[in-house]
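Residues per chain, in single letters:
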Amino acid sequence: MTTDAATIETRSAEPATAGAAQSRVAAVWSAADRFLSHAGDWLNPILVKETRQALKSSQFTITFVLVLAACWIVTIGVVAYIGPRIFYSAEGGTLLAWYYAVLALPLLVVVPLSAFRSLTAEREDNTYDLLSITTLRPRQIISGKLGSAIAQMAVYFSVITPCLAFTYLLRGVDLPTIATLLLFTFFWSLGLSMVGILLATLTTQRFVQVFVLVGFVGGLLFMFYCGLWLGYYAGYYGRSTLWGVGNEFWIFLGVVATLYGTFFALAYFAAAGMITFTSENRSTPLRACMAVQQAAFVGWMAAAWISDNFGLEVVLVMAIISGIYWYAMGTMLTAERPTMSQRVRRRLPQSFFGRMFLSWFNPGPASGYMFVIANITAVAVLCLLAIAFGEFIASRSGGGRPTVVEVLDAMFIGWGYVVAYLGVGVLAISALRRIATVTMLASVLIHLLLLLAGFGIPYAVKSMSLELREADYSFLQVTDPVFSIWHVLDGGTTSDASVLLLLIPGVAICVLLLNVPRIIRELRVVREAAPARVLQDEAELHPTPASLPQNPWDEPV
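One structure accompanies this document, and this report is about it. (Residues numbered from 1 in each chain as written. Predicted model: local features only at pLDDT ≥ 70, side-chain atom pairs only at ≥ 80, totals over all residues. Heavy atoms only, no water.)

## Details of the overall build of the protein chain
Then step 1. Each helix and strand counted, the protein chain has 20 helices and zero strands in total.
Then step 2. Counting over 557 residues, the protein chain shows a buried share of 39%.
Then step 3. By sequence separation, contacts in the protein chain at least 24 residues apart represent 80% of the contacts at least 6 residues apart.
Then step 4. About 31,700 Å² of surface is accessible on the protein chain, with carbon and sulfur atoms providing 70% of the total. (Helix = DSSP H or I, 4+ residues; strand = E, 2+ residues; numbered from the N terminus. Buried < 20%, exposed > 50% of the residue type's maximum accessible area, 1.4 Å probe, protein only. Contact = heavy atoms within 4.5 Å. Areas by Shrake-Rupley, 256 points an atom, 1.4 Å probe, with all protein chains shown as cover.)

## What to know about the nonpolar core
Then step 1. Counting residues in hydrophobic clusters, the biggest one holds 59 residues, and the most contacted among them are Ile-142, Ile-160, Met-194 and Ile-197.
Then step 2. It is helix H4 (residues 92–124) that contributes the most residues to this core, 15 residues altogether.
Then step 3. With near-sequence residues (within four places) excluded, Ile-160 lies in contact with Val-67, Cys-71, Tyr-99, Val-102 and Leu-103.
Then step 4. Grouped together as the second largest cluster of nonpolar side chains are 53 residues, Phe-310, Trp-326, Val-418 and Leu-500 included. (Core = buried A, V, L, I, M, F, W, Y, C linked by side-chain atoms within 4.5 Å.)

## Let's talk about the state of the cysteines
Then step 1. Applying the stated criterion across every chain, the model contains zero disulfides.
Then step 2. The thiol sulfur of Cys-71 is not disulfide-bonded, and the nearest other cysteine sulfur, from Cys-163, lies at 4.3 Å. (Disulfide = S-S within 2.5 Å.)

## Here's the deal with the packing of aromatic side chains
Ring pairs (aromatic) are described by centroid distance and by the angle formed between their planes.
Then step 1. If you walk through the whole model with that rule in mind, you get 21 aromatic pairs.
Then step 2. Centre to centre, the rings of Phe-116 and Phe-216 are 5.5 Å apart; their planes meet at 35°, and the pair counts as tilted. Of the two residues, Phe-116 is situated in helix H4 and Phe-216 in helix H8 (residues 206–237); the sequence distance between them amounts to 100 residues. An identical accessibility class is assigned to Phe-116 and Phe-216; each is buried.
Then step 3. Seen in terms of ring centroids, Tyr-225 and Trp-229 are 6.3 Å apart; in terms of plane orientation they differ by 80°. Their pairing is edge-to-face. (Phe/Tyr/Trp six-rings, centres within 6.5 Å; stacked < 30°, edge-to-face > 60°.)

## Structural notes on helix H18 (residues 481–489)
Spacing of three or four residues puts side chains on the same side of an α-helix, whose turn is 3.6 residues.
Then step 1. Turning to H18, its buried residues number three or more, namely Pro-481, Ser-484, His-487, Val-488 and Leu-489.
Then step 2. With a side-chain oxygen positioned 3.1 Å from the backbone nitrogen of Val-482, the residue opening H18 is Asp-480. (Polar contact = N/O pair within 3.5 Å; in protein donor to acceptor, adjacent residues only side chain to side chain.)

## A few points about a nonpolar patch on the surface
Then step 1. A cluster of nonpolar side chains, namely Phe-222, Tyr-225, Trp-229, Tyr-232, Tyr-233, Tyr-236 and Tyr-237, defines an oily patch on the protein surface of about 770 Å² accessible area.
Then step 2. Residue placement: Tyr-236 occurs in helix H8. (Patch = residues over 30% accessible without salt bridge, like charges linked within 9 Å, V, L, I, M, F, W, Y side chains within 5 Å. Salt bridge = Lys/Arg side-chain N within 4 Å of Asp/Glu carboxyl O.)

Set out below in structure tokens:
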């Protein structure tokens, strides 16, 4: 009788237990739904919009189906090709190479191209104008585009990662190699997506966008080709391709990570600046990124200089790379708009020390020119200190080439070329702006044409002259920076080096003096007070928060 009663109670309790479990599951599901709803409201609206459009597009559907079909074909085909050897032979590397080829196509081609098209399509469909007048900031738009690219990458990774894990079971590859390969591919694809977004912001002309698109697709196909080789070497040679070479690998990884991070930040702020209104300050974040990038570069080169026993070649490499870098950046910084809007003027540094140290970060072609000169001069001073330390403190055997004198001559001549060419470019652009509108792209082209003229005209004249054709170097090529510096480093005669050392920096200083009035004119721009109307609008948009009690005695009774 007691057993029957217990059985009846147990049977009656089962529906109650099942109902309680269902209610708990429903509560958890409801909580998850509320969390996702709040997360959707909290996320970047551009990210939500772009992800929905990308995942619903036919391009993504076709690519996703093709990736699944390719994985299936690769699995069947490679396993059939291996045959009975799969039971006793380590064939995981073969399958890894094929799977990575399947993964590389969407990540290195499709996703970056989709990021490029996501922004160009906004301009073609005339939806970007509506987007630009919303409260979204340009950085939010760029971040949303990048977030959509990351979401697409996550979907493709979810397809391929189990297949790559399967290759580990076949032996021949280890898990760190697979994880490192996936990590490299993720950042590789993310960087290409950032480049695609930056290229999409460069111009609004459709015929120019077509040329940019063709070049970008060509670059992506080349990246895919490099990815195939990376997967092949990772599959057949294992960790020696990606890592496992001792401390040098971590140093190399640190250098690559530094370059990647700084260039990624530079491209991010450049893309955000290109879609920002012209009245905003586009230049200061870019100049800050350049300064940080130079500091990181100098730090790594200093480490290389110390590990190389204070080698002179490291100092020379640092000077050459810095000269090329700052000339390339100077062509863009000196192409900025000469006028500064009132919105930017209201945010200029106000204190004495702020104006002293931060005025070079203000937008403007002349301040950009001076910013480049200041940085390249700082690099030259550091190189001089390094050479002096290597010569008088460290014990180093001499007699090698190039000598200290040749390096010093080449460094001063290179400094003069950068200052002179950029200064002449600033003067030419300023003159052209008096009679026509000169865009940033046109300004960069003017700088490049000046450099090409300095290289091409002397070379053409020398080639047509019977007397100078066989000469190693003539002063007719004094406008050619590459051959002139190479002539000094390659053991050019002392008299030639002395003439170049006197002529090039002298011309550079003259060009700098001609630009001094423009530099002073831009530096004399000071901070302006905001009008009452602007202050009222800012107060309405960002009201002052209500004061709260600071201690228990301030609580209302």
